[in-house]
Protein chains: 2
Amino acid sequence: MELWFTEKQTPAFGITAKIKQTYVNEKTDFQDLAMVETEEFGNMLLLDGMVMTTEKDEFVYHEMVAHPVLNTHPSPKHVLVVGGGDGGVIREIIKHPEVEKAVLVDIDGKVIEYSKKYLPSIAGKLEDPRVEVHVNDGFMHIHEHKNEYDVIMVDSTEPVGPAAPLFERGFYQGIYEALKDDGLFVAQTDNPWFKADLIQKVNRDVKEIFPIVRVYGANIPTYPSGLWTFTIGSKKHDPLEVNEADIPEMDTKYYTPRLHKAAFVLPKFVEDLTK
Amino acid sequence: MELWFTEKQTPAFGITAKIKQTYVNEKTDFQDLAMVETEEFGNMLLLDGMVMTTEKDEFVYHEMVAHPVLNTHPSPKHVLVVGGGDGGVIREIIKHPEVEKAVLVDIDGKVIEYSKKYLPSIAGKLEDPRVEVHVNDGFMHIHEHKNEYDVIMVDSTEPVGPAAPLFERGFYQGIYEALKDDGLFVAQTDNPWFKADLIQKVNRDVKEIFPIVRVYGANIPTYPSGLWTFTIGSKKHDPLEVNEADIPEMDTKYYTPRLHKAAFVLPKFVEDLTK
């Protein structure tokens, strides 16, 4: 018998992957969590039936959340990750020697627990001495930590279930207040083919709060449409003003100093969503 | 009853789309041809079970085949399309007023016939007075037309079935000879996630023949991995030497003058395939 998992990315379109085994399939306090072994993409974490990360393509998302903002801030010492319990963004953050403390706040401890067990190449750096892990509500955390972070990264699920408040205007206001005077943040903002309205809404909301707003993209095969967007809100530093020559070559598989600015050059129909 | 079409893009991974109706499902002299109406992507052309084009996302592929090379050549008068019977690349070519003649050579007349009937927004410009359509073998055509074209575009299916010879070194040699002294060509070269070896092979082959070889990418949701690559071989003009300010704003949905160079900035793991 062949087992195939299918994610309906829209009501009429999806991806399907052959499953070798299912490690976990349970309801946590916050969401449905599954961990499976796929033939094509290695181990795969699913939340509420949606692919969160896979061993084969995880590097794109994690590198592209972490490096553009960290290479924009001149001295990112204190960094917060909201969500991201799989640890992939943390792994990329601690590649930056100037980061003194990286705090991870995920609401669902089960994501952290199972990622450590089944995705060790992604979650391994959660044990790093520079990393602090809190199982907590990210919304609460930012409201309790004003003027504290240089960089905040929002590595959330889709705006359904526990992540819904992370796409509200009030959350971006809280982020603004949790950032220091020259801080910036980045959030994953879904794809422009099926969720154009979300990108537009976030863009409008963040522009009301932050003086500099930029959107960039990256190719992630297991995410809807294969084109994922990220939105940056910044108080002072502009990712497009970074000098490419000042960006160090890093141990990456997707991000490069050359790609730092090119990723912000969007297809016309996506560019139009940010105007 | 719900009908879903599934394309296995690899033996263990695929996409699946809800089908509203099937217009055509037949064996032509060269390949299996299907034309269906999908709920998410509109009408869709399939050859040998692989998605060739859909009404919703076709603009990416067709714009990104045509405009980078046409905006690199200073005066592209005579243009050849090998394959591309759906007419989408032709539609983009004739947006360039300097093109005097665009020749389409597709081996399978049925692709042209059914595209005109079921994909009129794509195929409509095949009737343009500047366009010549030949139902013929592209390999033969280039060998019979030496030193004739300014630009050649290879809009083929995958390297199985009738398109297999279009990925051979001898074909690129033929293209070289069919091009004028300052001509250039572009070919679709599949995706870097599942077909890395193909990109590498084409890159090596084309480098043996053309002094300038460049690879660029574009996001196409219905193609494997969502990231498609294109390889340019050029005798004289370098797409990276084009002055962005000299590129006209065109009636496009994906390509822009800003994207002209950014599309050539590849993720590191793809960049590495071209070294």
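Procedures and definitions
- Numbers given for residues are sequential positions, taken from 1 along each chain in its written order.
- All chains are assigned letters beginning with A, and all ligands numbers beginning with 1, in the order in which they are written.
- In view of the model being predicted, local features appear only for residues whose pLDDT reaches at least 70, and side-chain atom pairs are presented and counted only at 80 or more, with totals across whole chains, interfaces and linings using the full set of residues.
- Values shown for side chains rest on all heavy atoms present in the structure; no hydrogens or waters enter the calculation.
- UniProt positions are given in the numbering used here, feature names are shortened, and annotations may be inferred rather than shown by experiment.
- Secondary structure follows DSSP: runs of H or I at least 4 residues long count as helices, runs of E at least 2 residues long count as strands, and numbering of each begins at the N terminus.
- Type-normalised accessible area, obtained with a 1.4 Å probe on protein chains alone, sets the label of each residue: buried when under 20%, exposed when over 50%, and partly exposed for intermediate values.
- Here a residue-residue contact requires only that any non-hydrogen atoms of the pair lie within 4.5 Å.
- Two parts placed together each lose some accessible area under a 1.4 Å probe, and adding up what both lose gives the buried area.
- Salt bridge, as used here, is a side-chain nitrogen of Lys or Arg placed within 4 Å of a carboxyl oxygen of Asp or Glu.
- What qualifies as a polar contact is a pair of N or O atoms within 3.5 Å, subject to a donor-acceptor requirement within protein and to the restriction that residues adjacent in sequence count only when both atoms come from side chains.
- Each residue receives one of three labels: charged for Asp, Glu, Lys and Arg, nonpolar for Ala, Val, Leu, Ile, Met, Phe, Trp, Tyr, Cys and Pro, and polar for the others, Gly being one of them.
- The copies were overlaid by least squares, fitting only the C-alpha atoms of residues that reach a pLDDT of 70 or more in each copy.
- Throughout, the edges of the domains are those of an automatic or database domain assignment.

Per an unreviewed UniProt entry, the recorded name for chain A is Polyamine aminopropyltransferase, and the organism is Paenibacillus azoreducens. In its Pathway (unreviewed entry) section, UniProt records this for chain A: "Amine and polyamine biosynthesis; spermidine biosynthesis; spermidine from putrescine: step 1/1." Reading the Catalytic activity (unreviewed entry) entry of the UniProt record for chain A gives the comment "S-adenosyl 3-(methylsulfanyl)propylamine + putrescine = S-methyl-5'-thioadenosine + spermidine + H(+)".

## So, the side chain of B:Thr274
Residue and element names in this part refer to chain B. For Thr 274, the position within the fold is in the segment after α9 (268–271). When its relative accessible area of 17% is taken as the criterion, Thr 274 is described as buried. Setting aside anything within four residues of it in sequence, one finds Thr 274 in contact with Asn 203, Lys 207, Val 215 and Leu 266.

## Points about the interface of chain A and chain B
Of the residues lining the interface, 40 residues belong to chain A; the matching set on chain B comes to 40 residues. At the boundary of chain A with chain B, total buried surface from both sides reaches about 3,400 Å², with 67% on carbon and sulfur atoms. The three residues of chain A that bury the most area against chain B are A:Ala12, A:Phe13 and A:Trp193, which together make up 20% of that side's buried surface. Between the two partners, chain A and chain B, sit two salt bridges. One can count 16 residue pairs in polar contact (both at pLDDT 80 or more) joining chain A with chain B. Broken down by secondary-structure element, the contributors of at least two residues to the side of chain A that touches chain B are β1 (3–10), β2 (13–27), α1 (58–70), α8 (257–262) and α9 (268–271) of chain A. Here the side of chain A that touches chain B gets six residues from one element, more than from any other, and that element is β2(A). Residues that form the side of chain A that touches chain B fall into these classes: 20 nonpolar, nine polar and 11 charged.

## Points about the relation of the copies chain A and chain B
The transform that puts chain A on chain B rotates by 180° and translates by 0.0 Å along the axis, for an RMSD of 0.0 Å. These values place the two chain copies in the arrangement generated by a two-fold rotation axis. Both copies share a contact surface, since 100% of the interface residues of chain A are interface residues in chain B too.

## Notes on the UniProt feature "active site" (unreviewed entry) in chain A
Residue and element names in this part refer to chain A. As recorded in UniProt, the feature "active site" (unreviewed entry) lies at Asp 155. Checked against the element boundaries, Asp 155 lands in strand β9 (residues 149–155). What Asp 155 contacts, discounting residues up to four positions off in sequence, is Tyr 61, Val 81, Val 82, Gly 83, Gly 84 and Val 89. At 2.6 Å, the side chain of Asp 155 forms a polar contact with the side chain of Tyr 61.

## Structural notes on the domain arrangement of chain A
Interface size is commonly expressed as the accessible surface area that is lost when the partners come together. Residues and elements named next belong to chain A. The domain architecture assigned to chain A consists of domain 1 (3–51) and domain 2 (58–274). If you average the C-alpha positions of domain 1 and of domain 2, the two centres end up 23 Å apart. In this assembly, 20 residues from domain 1 lie in contact with 19 residues from domain 2. Buried area between domain 1 and domain 2, both sides added, is near 1,800 Å², and the carbon and sulfur share of it is 74%. Joining domain 1 to domain 2, the criterion identifies zero salt bridges. Here domain 1 and domain 2 share four residue pairs in polar contact (both at pLDDT 80 or more) between them. Secondary-structure elements contributing two or more residues to the side of domain 1 that touches domain 2 are β1, β2, β3 (32–38), β4 (42–47) and β5 (50–54). Per-element tally for the side of domain 1 that touches domain 2: the top contributor is β2, with five residues.

## Overview of the pattern of salt bridges
Following the criterion strictly, the structure yields 46 salt bridges over all chains and no others. The closest approach of N and O atoms between A:Glu113 and A:Lys110, which form a salt bridge, is 3.7 Å. Of this pair, A:Glu113 and A:Lys110 are both found in helix α3 (residues 109–118), three residues apart, which corresponds to roughly one turn of the helix. Note on A:Lys110: relative accessible area 31%, which makes it partly exposed. Residue B:Glu177 is joined to B:Lys146 by a salt bridge in which the shortest nitrogen-to-oxygen separation is 2.8 Å. Here the residue B:Glu177 occupies a position in helix α6 (residues 169–178), and B:Lys146 occupies one in the loop between α5 (138–143) and β9 (149–155), the gap between them amounting to 31 residues. Residue classification places B:Lys146 among the partly exposed positions, given a relative accessible area of 41%. Beyond isolated ion pairs, a larger network of salt bridges with shared partners links A:Glu249, A:Arg258, B:Lys268, B:Glu271, B:Asp272 and B:Lys275.

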